[in-house]
Amino acid sequence: MPSNAPLKPFVAADDAARAENVSQTTTLYGGRKASLPLHIAVVGCGLGGLAAAHALAKAGHRITILEDAPAIGEVGAGIQVSPNLSRLLIRWGLGEALEKIAVMPEGIEFRRWQSGEKLGYAAWGNQFAKEYGAPYYHIHRADFHRLLYDLTIALKDQVTLRLKSHVSSIDPETPACKLSSGETVKCDLIIGADGVKSTIREAVVGHADSPVPTGDAAYRAIVPSDKLLAHPELVELVENPRMVGWLGPGRHIMTYCIRAKKEFNMVLLHPDDGSVESWQAEGSADKMRGDFEGWDPKLQKILSFVPSTLRWKLMDRKPLDTWVHPSGKVALLGDACHPMLPYRAQGAAMAVEDGAVLGNLFSRLSHPSQIAPLLYAYETLRLPRTAKVQASSRLNQYIFHLEDGPEQVKRDQEMRQAMHGEEGVNNPNQWADKRKTVDLMGYDADKAVDEWWAERGEKEIGKLADSGAEATRRWLQQAEARL
């Protein structure tokens, strides 16, 4: 039965965004693989789903990815790859490809909406990479998706991708996924990576989980860098690559270079007036220009180059109480459990971190009695961190969109102070807050698991393996019978 999913306006990945032969040459978890391999259904083939599938396959498990869409691809948009994400991608063997297609920004800069006056700055670049052990990159979403796709699908003996496979419901006890075609896909574990409109989330929480409008919507657009380079006043935005944001009343714009500085990515946040919650909805470029009339003349010039734009409604969801179904056989990942507003640029990073933690934990699986405890360990390790980042993103929405007045003047003054070397603790430029930056970008998902396992996991979960080889053998026979 054909999928009902709408065809997406896919953008082709760059020719250099390839990683077909990388997975076979990398070793994760010190070579450790689960002595009890599972058949795991990953629902969704987005960035988080691919990351989870790759990490779990490298941990020794067999993966079936169930994807609604009839084809694999991504929309035209940029993604920020902070060190907490890039360290994982490099560990997975993508370092060389990232160097070819991504851009390493020299820092983040904030400007006044009308005049373009510089308000704040935090340095990144090579020094930042040395300090945090991994670089900060800007990359095209299609290129990033292609790299993760190549990594994962190359594990042919362990990963099966099924397109046009819409999961209409699940049986969390068996467990099994029921497809809209009527087919039932049985497995040992279900990972719901099916995005903000997740079917699996409703099964886990036990009720409909409606999102809350933020009051904002966003335009996304990409401009060829050549157009900027043809205008002397815009050259510095390409030749001195960094993330540059303009802050104004109720609105802000973030820009940066992608694809080896060949393209200039723009995200324009504004009050919502009837958009939809979708990455693929087209917006009016003329309406976009009108929404930012009167802003910095440099911005006006760049916006004149935009022929078309994507537009989506920004919805928020509060942190869930749990990501794991009471059966202990279903868990959520990425936007399905912690959708991130774009104000902190951590949506992709949090989803990939989720997948990395799952893979590391399940590389230790040796007995069926450990499955549910490992899922709850995943939740213990991830839910507090993602909730904290969600809160940080919401805070930026408030900070960036202050109306002109006393609060805005105070914000601008404090940003300038941090830019000139004063203590950045609780600064409105959260990237200038050293404590927050260490907490966010110094994080290593694998290290977090290893430390937790040494402190608690071995004692609480590892000992469950002592239940005996005979119990494991019976469980494996039952699993084979289900297939």
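1. Topic: the overall build of the protein
Per the secondary structure count, the protein includes 16 helices and 18 strands. Over its C-alpha atoms the protein spans a radius of gyration of 23 Å, differing by no more than 12% from the 23 Å that the globule rule assigns to 483 residues. Each principal axis of the C-alpha distribution contributes one length, and for the protein these read about 75 × 50 × 40 Å. Looking at the 483 residues of the protein, the share that counts as buried comes to 58%. Of the roughly 18800 Å² that the protein leaves accessible, carbon and sulfur atoms contribute 50%. Looking at the protein, you have 57 positive and 61 negative side-chain charges, and the mean spots of the two groups are 2 Å apart.

2. Some remarks on the sheet that holds strand β8 (residues 167–171)
Taken together, the 3 strands give an open sheet; going across it, the order is β8-β9-β10, and neighbouring strands pair in antiparallel fashion. Whereas interior strands pair on both sides, the edge strands pair on one side only; in this sheet they are β8 and β10 (184–186). Here the strands of the sheet are splayed against their neighbours by 25° on average, with no regard to which way each runs. Pairing geometry for β8 and strand β9 (residues 176–179), over 4 bridges, is antiparallel. Counted as the bridge partner of D171 is A176 from β9.

3. Observations regarding the packing of helix α1 (residues 47–58) against helix α5 (residues 141–153)
Contact pair α1 / α5: the axes reach a minimum separation of 9 Å and the direction vectors enclose 25°. Put simply, α1 runs roughly parallel to α5. Crossing hand, α1 versus α5: left-handed. Only R141, F144, H145, L148, Y149, L151 and T152 of α5 make contact with α1, whose side of the interface consists of L47, L50, A53 and H54. For the contact of α1 with α5, a count of residues per class yields 7 nonpolar, 3 polar and 1 charged.

4. Describing the pairing of strand β12 (residues 212–224)
As judged from the 6 bridges shared by β12 and strand β17 (residues 309–316), these two strands associate in the antiparallel manner. Among the inter-strand pairings, P213 is bridged to a residue of β17, identified as M315. For β12 and strand β15 (residues 263–271), the ladder comprises 9 bridges, and the chain directions are antiparallel. Pairing of V223 across the sheet is with F264, part of β15.

5. Remarks on the confidence of the model for the protein
On average, residues of the protein score 92 in pLDDT, and 92% of them reach the 70 mark or higher. Across residues 1–8, where pLDDT falls below 50, the model places 10 contacts with residues more than four positions away in sequence or in other chains.

6. Some points on the environment of G274
Mapped onto the fold, G274 is located in the loop between β15 and β16 (282–283). Separated by 32 residues in sequence, G274 and R242 have C-alpha atoms that sit 32 Å apart.

7. Comments concerning the side chain of N360
Summarising the element assignment, N360 is placed in helix α11 (residues 347–362). Each residue touching N360, except ones within four places of it in the same chain, is listed here: Y29, R32, D446, V449 and D450.

8. Brief notes about the sheet that holds β15
The sheet built from 8 strands is open, its strands ordered β5-β4-β13-β14-β15-β12-β17-β16 with mixed pairing. Among the strands making up the open sheet, the edge pair consists of β5 (118–123) and β16. Sitting on the sheet, helix α13 (residues 406–419) touches β4 (107–112), β5 and β13 (243–248), and the angle it makes with β5 is about 40°.

9. Some details on the pattern of salt bridges
A side chain with one charge can pair with a side chain of the opposite charge if their charged atoms come near. A full pass over the atoms with the stated rule returns 32 salt bridges. Residue D143 pairs with R259 through a salt bridge whose shortest N-O separation is 2.9 Å. A residue pair is termed long-range when its members are at least 10 positions apart, and D143 in helix α5 and R259 in the loop between β14 (251–258) and β15 qualify at 116 residues. Considered together, D143 and R259 belong to a single accessibility category, that of buried residues. For the salt bridge of E236 with K298, the shortest nitrogen-to-oxygen distance reads 3.6 Å. Here E236 is found in helix α8 (residues 236–239), whereas its partner K298 is found in helix α10 (residues 297–303), with 62 residues between them in sequence. Through salt bridges with shared partners, one network takes in E109, R111, E236, R242 and K298.

10. What to know about the environment of R311
Structurally, R311 can be placed in strand β17. Owing to a relative accessible area of 14%, R311 belongs among the buried residues under this scheme. Along the sequence, R311 and T25 sit 286 residues apart, while their C-alpha atoms lie 40 Å from each other.

11. Quick word on the packing of aromatic side chains
Under the definition given, this model contains 10 aromatic pairs. Taking the centre distance of 5.5 Å and the plane angle of 50° together, the rings of F110 and F400 count as tilted. Of this pair, F110 sits in strand β4 while F400 sits in helix α12 (residues 371–400); the two residues are 290 residues apart in sequence, bridging distant segments of the chain. An identical accessibility class is assigned to F110 and F400; each is buried. Ring pairs connect the aromatic residues W124, F128, Y132 and Y136, which therefore count as one cluster. Looking at K118, its charged tip hangs above the ring of Y121, at a distance of 4.6 Å from the centre.

12. Structural notes on the nonpolar core
Counting 110 residues, the largest nonpolar core has W92, F144, L148, L361, F362 and W431 as its most contacted members. The element best represented in this core is α12, accounting for 10 residues. Leaving out residues up to four positions away in the same chain, W92 has contacts with V22, T26, L28, A51, H54, A55, L148, L151, V352 and A356. Grouped together as the second largest cluster of nonpolar side chains are 25 residues, L234, L237, V244 and W246 included.

13. Observations concerning helix α4 (residues 125–132)
Of the positions making up α4, those classed as buried are G125, F128, A129 and Y132. Along the long axis of α4, the arc covered by the buried residues comes to 100°, so they all point the same way. Looking at α4, the residues exposed on the side facing more than 90 degrees away from the buried face are N126, Q127 and K130. Of the surrounding elements, those touching the buried residues of α4 are α2 (83–91), β5 and α14 (434–441). Phi turns positive, to about 75°, at G133, one or two residues after α4.

Rules used throughout
Residues numbered from 1 in each chain as written. Predicted model: local features only at pLDDT ≥ 70, side-chain atom pairs only at ≥ 80, totals over all residues. Heavy atoms only, no water. Helix = DSSP H or I, 4+ residues; strand = E, 2+ residues; numbered from the N terminus. Rg over C-alpha atoms; globule rule 2.2 N^0.38 Å. Buried < 20%, exposed > 50% of the residue type's maximum accessible area, 1.4 Å probe, protein only. Areas by Shrake-Rupley, 256 points an atom, 1.4 Å probe, with all protein chains shown as cover. Lys, Arg positive; Asp, Glu negative; His and termini not counted. Charge placed at Lys NZ, Arg CZ, Asp CG, Glu CD. Pairing = 2+ DSSP bridges. Axes fitted to C-alpha atoms, helices over the stretch in contact; angles between N-to-C directions. Parallel < 35°, antiparallel > 145°, perpendicular 65-115°, else oblique. Left-handed = near helix turned anticlockwise from the far one by under 90°. Contact = heavy atoms within 4.5 Å. Nonpolar A, V, L, I, M, F, W, Y, C, P; charged D, E, K, R; others polar. pLDDT = per-residue confidence, 0-100. Salt bridge = Lys/Arg side-chain N within 4 Å of Asp/Glu carboxyl O. Phe/Tyr/Trp six-rings, centres within 6.5 Å; stacked < 30°, edge-to-face > 60°. Lys NZ or Arg CZ within 6 Å of the ring centre and 35° of its normal. Core = buried A, V, L, I, M, F, W, Y, C linked by side-chain atoms within 4.5 Å. Arc of directions from axis to C-beta.

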